[in-house]
Structure formats: structure tokens, C-alpha cells
Amino acid sequence: MSYSFGKKLKWLRTSKKLTQEGLARALNLRYGTNFNKGMISKWENDKEEPRMDSIRYIADFFNISLDEILGLKSDPVPKDNLPDLTEKDERDIQKELENLIKGLKTGNGFVAFGGMDIDELDEEDRELLIASLENSLRLAKRIAKEKFTPKKHRKE
């Protein structure tokens, strides 16, 4: 099961009994960054994704690996109440991910990274982008299942 970066960040922050402002202050003190409560809030609510260097600071601060915070291996977040994904859902997610990646490779696709396509990114950034897209697709699929499955068909 995979969770969004924002959900993980909120869980990690609250497990250390930190406010958003307290986390921003602690990160700024330790790493010389310029985070604020608003940034932390946007990240936790999945309104924005932090830059890779910010993710590295956060992972280091909470003493977890980048793989864990990005959902590439065991999640530090407890199970939520969203429906699980089926094998068909997983296949659909992989197809959509492939389509997104193809779109990023076209040069005039969905996104341009400073004039570069996805193949021109370094290996780590490319892998992180793909992992982020996959996590976003998984979360969107689970939220849609929760929202659009009639109550009489839900497994309780």
C-alpha cells in the first residue's frame, strides 16, 4: 500500500508532536533552509510537491530513507480507510503511468522540465518523478473508489 508524500509528512510530523510551524523552524535551524508553515501545509495537503532537496532534508530530519518517504519501500504510515486496489486497478494504473511517461518524452508533451524531456533528467530525478506520478495515480484511484462506489457495494 502506498501513501502520498503529504500524508506521510503529516504522520511523521504529528508522531513527533510538532506543529507545522515547529517543523519549519526545526528544519530551518538544522539545514539553513527557508521553510514556513504555509509550505508545510501545502505539502501535507498534497497541494504542492516539495523539491528533491527539500525531501532529502525531511527524510534526514525524520531519520528515514528516501525510499520510505517516497513510497518505494515499506510505508511508515498506518493503514487508512480508503479501499484497497484490485489487480485490475493495478494494471490500469500501470497503463496510465506508461501513457504519462510517453507524454513526457514527446518534448511537447504534458510537461517540460526547463526545455528537457524526461529522458534528459538524471537517473535519480527521473526515478523520483516516476515514483511520484505512480503514487499520485494510486491515491487518486483509491479516492475515486471511495467516492464513487455505492454504499451497498462497499466492503466494510
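Just so you know, these numbers come straight off a predicted model, no measurement behind them. (Residues numbered from 1 in each chain as written. Predicted model: local features only at pLDDT ≥ 70, side-chain atom pairs only at ≥ 80, totals over all residues. Heavy atoms only, no water.)

(A) Looking closely at the overall build of the protein. A count of helical and extended segments in the protein gives seven helices and zero strands. Shown N-terminal to C-terminal, the secondary structure of the protein runs as helices and strands in the order α-α-α-α-α-α-α. The burial tally for the protein puts 37% of its 156 residues in the buried class. In the protein, of all internal contacts separated by at least 6 residues, the share reaching a separation of at least 24 is 64%. A total accessible area of about 10000 Å² is found for the protein, and carbon and sulfur atoms account for 51% of it. (Helix = DSSP H or I, 4+ residues; strand = E, 2+ residues; numbered from the N terminus. Buried < 20%, exposed > 50% of the residue type's maximum accessible area, 1.4 Å probe, protein only. Contact = heavy atoms within 4.5 Å. Areas by Shrake-Rupley, 256 points an atom, 1.4 Å probe, with all protein chains shown as cover.)

(B) Spotlight on the environment of Asp-84. On the secondary structure map, Asp-84 appears in the loop between helix 5 (66–69) and helix 6 (87–105). Taking the relative accessible area as the measure of exposure, Asp-84 reaches 42% and is therefore partly exposed. Along the primary structure Asp-84 and Arg-142 are separated by 58 residues, whereas in three dimensions their C-alpha atoms are 6.8 Å apart.

(C) Quick look at the nonpolar core. Counting 20 residues, the largest nonpolar core has Leu-9, Leu-27, Ile-58 and Ile-69 as the members making the most contacts within it. In terms of residues, this core owes the most to one element, helix 4 (residues 52–61), which gives five residues. Those residues within four positions of Ile-58 in sequence are excluded, and the remaining contacts are Phe-5, Leu-9, Leu-27, Trp-43 and Ile-69. (Core = buried A, V, L, I, M, F, W, Y, C linked by side-chain atoms within 4.5 Å.)

(D) Region of interest: the packing of aromatic side chains. Counted under the stated rule, the structure contains three aromatic pairs. Between Tyr-31 and Tyr-57, the aromatic rings sit 4.8 Å apart at their centres with planes inclined by 25 degrees, giving stacked as the arrangement. Note that Tyr-31 is positioned in helix 2 (residues 20–31) and Tyr-57 in helix 4, a separation of 26 residues in sequence. A ring pair is formed by Phe-35 and Trp-43, whose centres lie 5.3 Å apart and whose planes are at 80 degrees; its orientation type is edge-to-face. (Phe/Tyr/Trp six-rings, centres within 6.5 Å; stacked < 30°, edge-to-face > 60°.)

(E) Representation of unusual backbone geometry within the structure. The phi dihedral of Lys-17 falls on the positive side, at around 55 degrees, and the residue is not glycine. Within the element layout of this structure, Lys-17 appears in the loop between helix 1 (5–15) and helix 2. Classification of Lys-17 as exposed rests on a relative accessible area of 74%. The backbone phi angle of Asp-46 is positive, close to 55 degrees, even though this residue is not glycine. Along the chain, Asp-46 turns up in the loop between helix 3 (37–44) and helix 4.

(F) Expanded view of helix 2. Relative to the 16 Å expected for twelve residues at 1.5 Å per residue, helix 2 spans 16 Å between its end C-alpha atoms, a close match to the ideal helical length. Turning to helix 2, the residues buried within the fold contact helix 1, helix 3 and helix 4. Looking one or two residues past helix 2, Gly-32 carries a phi angle of roughly 70 degrees, positive in sign. (Expected span 1.5 Å × (residues − 1).)

(G) Region of interest: helix 1. Looking at helix 1, one finds that the buried residues are Phe-5, Gly-6, Lys-8, Leu-9, Leu-12 and Arg-13. Projected down its long axis, helix 1 carries its buried residues within an arc of 160 degrees, all on one side. Looking at the buried positions of helix 1, the neighbouring elements they touch are helix 2, helix 3, helix 4 and helix 5. One or two steps after helix 1, the chain reaches Lys-17, where phi turns positive at roughly 55 degrees. (Arc of directions from axis to C-beta.)

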